[in-house]
Amino acid sequence: MNPVNYLYLAALLFTIGATGVLIRRNAIVVFMCIELMLNACNLAFVAFSRMHGNLDGQIIAFFTMVVAAAEVVVGLAIIVSLFRTRHSASVDDASLMKL
Amino acid sequence: MENLIAPLIAAPLLGAAVLLVGGRRLDRVGHWIGTLLSTASFVFGLILFADLLGKNAEHRTLTQHLWTWISVGGFQADVTFRLDQLSMTFVLLITGVGSLIHLYSVGYMEHDERRRRFFGYLNLFLAAMLLLVLADNYLLLYVGWEGVGLASYLLIGFWQHKPSAATAAKKAFLVNRVGDMGLSIAIMLMFTTFGSFAFGPVLSHTGDASEGKLTAIGLMLLLAACGKSAQVPLQSWLGDAMEGPTPVSALIHAATMVTAGVYLIVRSGAVFNAAPDAQLAVTVVGAVTLLFGAIVGCAKDDIKKALAGSTMSQIGYMVLAAGLGPIGYVFAIMHLVTHGFFKAGLFLGAGSVMHGMNDEVDMRRYGGLRKYMPVTFITFGLGYLAIIGFPGLSGFFSKDKIIEAAFAKGGTEGWILGGAALLGAAITAFYMTRVMLMTFFGEERWKNQPTRSPEAPSAEPAAETRGEHSEPHPHESPKVMTIPMIVLAVGSVFGGAFFSIGDRFLHWLEPVTGHSEGDSPLSATAVTGATMVCLVIGVAIAWARYGRKPVPAVAPRGSLLTRAARRDLFQDDFNHVVLVRGGEHLTRSLVYVDHTLVDGVVNGTAAGFGGLSGRLRRLQNGFARSYAVSMFGGAALLVAATLLMRAV
């Protein structure tokens, strides 16, 4: 199968994730969309790795997974504490950080 | 023997240090310490003089290298002294006349409680002046030059509790700064032109430099000389400098300070010889000043100011002679020395008169004093005869030579300069006769005077502080004051003849300054005859106006010229209108430009950025999703830009 198709899939997934981040208000959904974007990138890395015949892309995919795992821990903790204080998981409600 | 040069300067410097640092415990002996150290310096000078006389004319230059002052790359400044015939002449004049003035001040300042400090300043003055004439390079000369400026500031403003004295000191200092700037620029030009500012390299390599550069150096040196020697256009400080105690005036006018400019020009003769334009400027300055000072001297009723005008005029003669080149250098210095004698004598005489007259300076309140002050009268009279050039006295020989040299310049210039010098001689005879007649002859106008009117000019404060408003009782001054006057009178009588007979002075100074005879359109006898005629005319007019008729005790209104001369020919008004007002207008317009243009650009930039950031701040709205849009937009732009660049 043509590896370029994986790239098309990666671009599609990334677009879905980005759109979700921009238009959804629920923090959990935004979070899941971010994960989607990360994994779209991973897919692209692996595809490129295959296309170019070296392992660099795969190694970076592992790094991305590690970072994503750490991010999930921190991000979920923030979302939980946000929900506890404000009784809402809407990202638009948490708009106090402004001038 | 050259090791004696440094102690020559060190003696008065030590005196200044001891007297100024020593404090009140030296009050009782301070004046004798000062006089002693100044005399010691004179004795060192005499020993060196004897040593020089014992050598051949070519070997009469001693140098003493003390230490290297600054050495940076090609920039080398040494503390080296150079004693040749020219500086020797100055050393003897400065220390000799200076010591006599010290001695006189012992009596004159007897009642001043700050006498010790006064002597400290006097010693400082001598030390600075000696450093000036003994330096072997222009930078060290500049140190002495500034020292003289400082000492004159301290001494002119010695009675600093009087606002007029404080102002006069400031004025002298500021006007001198203008000249100092000229000297510093000249030194910088010398360094860029010759790579050095020592006398040797500069003065022996004038042939290597272009005439334009030499003219620039010469003009800057002339500016410096104008400041120190009170020549037009920097003459205005000299009259006000009379606010200082009278011995200071004698010191400034005879031995130190005003002679520095003449020294500078004569010492830099090689530069001027190679720059005829600068030389012409020197002669013009000299001729203008000699007439300017003489005219001012005619109208002043204040005895010291009349003498100040005369100093300006006599220094004008010297500068004129120095501008004539090798024809005149020797005579400039000769007149400087004889002038040192008779002008010091005249000032000390004036001080003696004031001492006996409750510090009155207005000559219209003098008169008939010859009976009461015989010694002062005779010494002052001899000084008077010397300055007007009475045949046989010192002024006759030296001034006559300058007038001859001016005619010998040749061409139209020679006639103009010679004519100005002759006219100056006539005016000198007039105003000095006037001073003489008003002070020592005629009615005794100081009798039956009401107390001084408050607006009457008062140069010295002692009368007010002592509360003596009664009629003065003229009396002769003590011996400590009359002895210096007698010595100086002897010098003014015989000095000129001693120098001139057998051309002694010429042969002494010629190896340093060089000498050439000009071709005068008039014979020496004719010039002397013309000078005598001018002298008689001047004296006769003065006699007709002040001898035959009684002198009114209140100054009459006078002609337009008299009134102008009383105001120093509007020198201060000119300075005020042109320099002070002009300066104010300039600063105001600069402030305006600063406020509108410079501040406008700066404030405008700041306001622009402030407004821009106010707009940009709105982007910070707290919505995470709008930040995300910005990020996506930015990332998209970067990707697009990268693709675009790769495509190109």
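For every chain, the first residue of the written sequence is number 1, and numbering continues from 1 onward in sequence order. Following the order in which they are written, the chains are lettered starting with A and the ligands numbered starting with 1. Owing to the predicted nature of the model, reporting of local features is limited to residues with pLDDT of at least 70; listing and counting of side-chain atom pairs is limited to 80 or more, with chain, interface and lining totals taken over all residues. Values reported for side chains reflect all heavy atoms of the structure, with hydrogen atoms and water molecules removed beforehand.

Student: So what about the side chain of D302 of chain B? Which residues, and what values?
Tutor: All names here are of chain B. Under the scheme used here, helices are H or I runs from DSSP no shorter than 4 residues and strands are E runs no shorter than 2 residues, and both carry numbers assigned from the N terminus. With respect to the helices, strands and loops of the structure, D302 is situated in the loop between helix 13 (276-299) and helix 14 (303-323). Buried charge without a partner: D302 forms no salt bridge, and the closest opposite charge is K305, 4.8 Å away. Identification of polar contacts relies on pairs of N or O atoms within 3.5 Å, with a donor-acceptor requirement for protein atoms, meaning one able to donate a hydrogen and the other able to accept it, and with residues adjacent in sequence counted only if both atoms are side-chain atoms. A polar contact of 2.9 Å, which involves the side chain of D302, links it to the backbone nitrogen of K304. Here's how the labels work: a residue is buried when its accessible area is under 20% of the maximum for its type, exposed when over 50%, partly exposed in between, all with a 1.4 Å probe on protein chains only. Neither His nor the chain ends contribute to the count of charged residues, in which Lys and Arg are positive and Asp and Glu negative. Salt bridges are counted wherever a side-chain nitrogen of Lys or Arg sits within 4 Å of a carboxyl oxygen of Asp or Glu.

Student: Explain the interface of chain B and chain A to me, using residue names and the numbers behind them.
Tutor: The interface is formed by ten residues belonging to chain B together with 15 residues belonging to chain A. Accessible area that two parts lose when put together, evaluated with a 1.4 Å probe and summed over both, is termed the buried area. Counting the surface lost from both chain B and chain A, the interface buries some 1000 Å², and carbon and sulfur atoms represent 65% of this. Considering only the side of chain B, the residues that lose the most area to chain A are F623, R625 and F632 of chain B, jointly responsible for 57% of the buried surface there. Run the count over chain B and chain A and you get one salt bridge. With its nearest N and O atoms 2.7 Å apart, the salt bridge here joins R625 of chain B to D92 of chain A. For the side of chain B that touches chain A, the element with the highest residue contribution is helix 25 (residues 624-647) of chain B, accounting for five residues. Grouping the constituent residues of the side of chain B that touches chain A by class yields five nonpolar, three polar and two charged. Note on contacts: a residue pair is in contact if any heavy atoms of the two residues lie within 4.5 Å. Ten residues, namely Ala, Val, Leu, Ile, Met, Phe, Trp, Tyr, Cys and Pro, are considered nonpolar, four, namely Asp, Glu, Lys and Arg, are considered charged, and the remaining ones, Gly among them, are considered polar.

Student: Give me the packing of helix 8 (residues 211-229) of chain B against helix 11 (residues 258-267) of chain B: which residues, what numbers.
Tutor: All names here are of chain B. Simply put, an axis is a line fit to the C-alpha atoms, just over the touching stretch for a helix, and the angle between two N-to-C directions goes from 0 to 180 degrees. One way to put it is that helix 8 packs onto helix 11 with a least axis distance of 6 Å and a crossing angle of 160°. The angle between helix 8 and helix 11 places the two elements in the roughly antiparallel class. Of the two possible hands of crossing, helix 8 and helix 11 adopt the one that is left-handed. Note on element contacts: helix 11 touches helix 8 through V258, A260, G261, V262, L264 and I265, opposite L221, L222, A224, A225, K228 and S229. In terms of residue class, the contact of helix 8 with helix 11 is made up of nine nonpolar, two polar and one charged. Working definition: roughly parallel below 35 degrees, roughly antiparallel above 145 degrees, roughly perpendicular at 65 to 115 degrees, and oblique for all remaining angles. In this scheme the crossing of two helices becomes right-handed for a clockwise turn of the near helix relative to the far one and left-handed for an anticlockwise turn of less than a right angle.

Student: I'd like a rundown of the confidence of the model for chain B, residues and numbers included.
Tutor: Residues and elements named next belong to chain B. Overall, the prediction assigns chain B a mean pLDDT of 87, with 96% of residues at 70 or greater. Between residues 452-468, whose pLDDT stays under 50, and residues either more than four places distant or in other chains, the model counts 27 contacts. Two numbers describe this predicted complex: its pTM, 0.78, and its ipTM, 0.86. The predictor attaches a confidence to each residue, called pLDDT, with possible values from 0 through 100.

Student: Can you explain the pattern of salt bridges? Please cite residues and give values.
Tutor: Using the criterion set out here, one finds 18 salt bridges over all chains in the structure. One connected set of salt bridges, linked through shared partners, spans R82, D84, D136 and R267 of chain B.

Student: Which residues make up the UniProt feature "transmembrane region" (unreviewed entry) in chain A, and what values go with them?
Tutor: All names here are of chain A. UniProt positions are given in the numbering used here, feature names are shortened, and annotations may be inferred rather than shown by experiment. When the UniProt feature table is mapped to this numbering, "transmembrane region" (unreviewed entry) covers residues 6-23, 28-48 and 60-83. Secondary structure within residues 28-48 divides into 100% helix and 0% strand; the distance between the first and last C-alpha atoms comes to 30 Å. Annotated as residues 60-83, this span is 100% helix and 0% strand, and its ends, taken at the C-alpha atoms, are 34 Å apart.

Student: Any chance you could break down the packing of aromatic side chains for me, citing the residues and the numbers?
Tutor: Residues and elements named next belong to chain B. In summary, the pairing rule links any two rings of Phe, Tyr or Trp, Trp by its six-membered ring, whose centres are within 6.5 Å, and it sorts them by plane angle into stacked for under 30 degrees, edge-to-face for over 60 and tilted for everything else. Applying the stated rule across the entire model yields 19 aromatic pairs over all chains. Centre to centre, the rings of F75 and F197 are 5.4 Å apart; their planes meet at 70°, and the pair counts as edge-to-face. Of the two residues, F75 sits in strand 2 (residues 75-83) while F197 sits in the loop between helix 6 (163-194) and helix 7 (199-204), which places them 122 residues apart along the sequence. With 6.2 Å between their ring centres and 55° between their planes, F430 and Y546 make a pair best called tilted. Separated by 116 residues along the polypeptide, F430 in helix 18 (residues 411-440) and Y546 in helix 22 (residues 524-547) bring together distant segments of the chain. Across the pair, exposure class does not vary: F430 and Y546 are buried alike. The structure contains a cluster of three or more aromatic residues connected by ring pairs, namely F118, F119, Y121 and F158.

Student: Account for the pairing of strand 2 of chain B, naming residues and giving values.
Tutor: Residues and elements named next belong to chain B. Between any two strands, pairing holds if DSSP finds at least two bridges. Where strand 1 (residues 62-72) and strand 2 come together, nine bridges link them in antiparallel fashion. Counted as the bridge partner of H65 is T80 from strand 2. What sits between the antiparallel neighbours strand 1 and strand 2 is a turn of two residues, in which G73 has the positive phi angle 60°.

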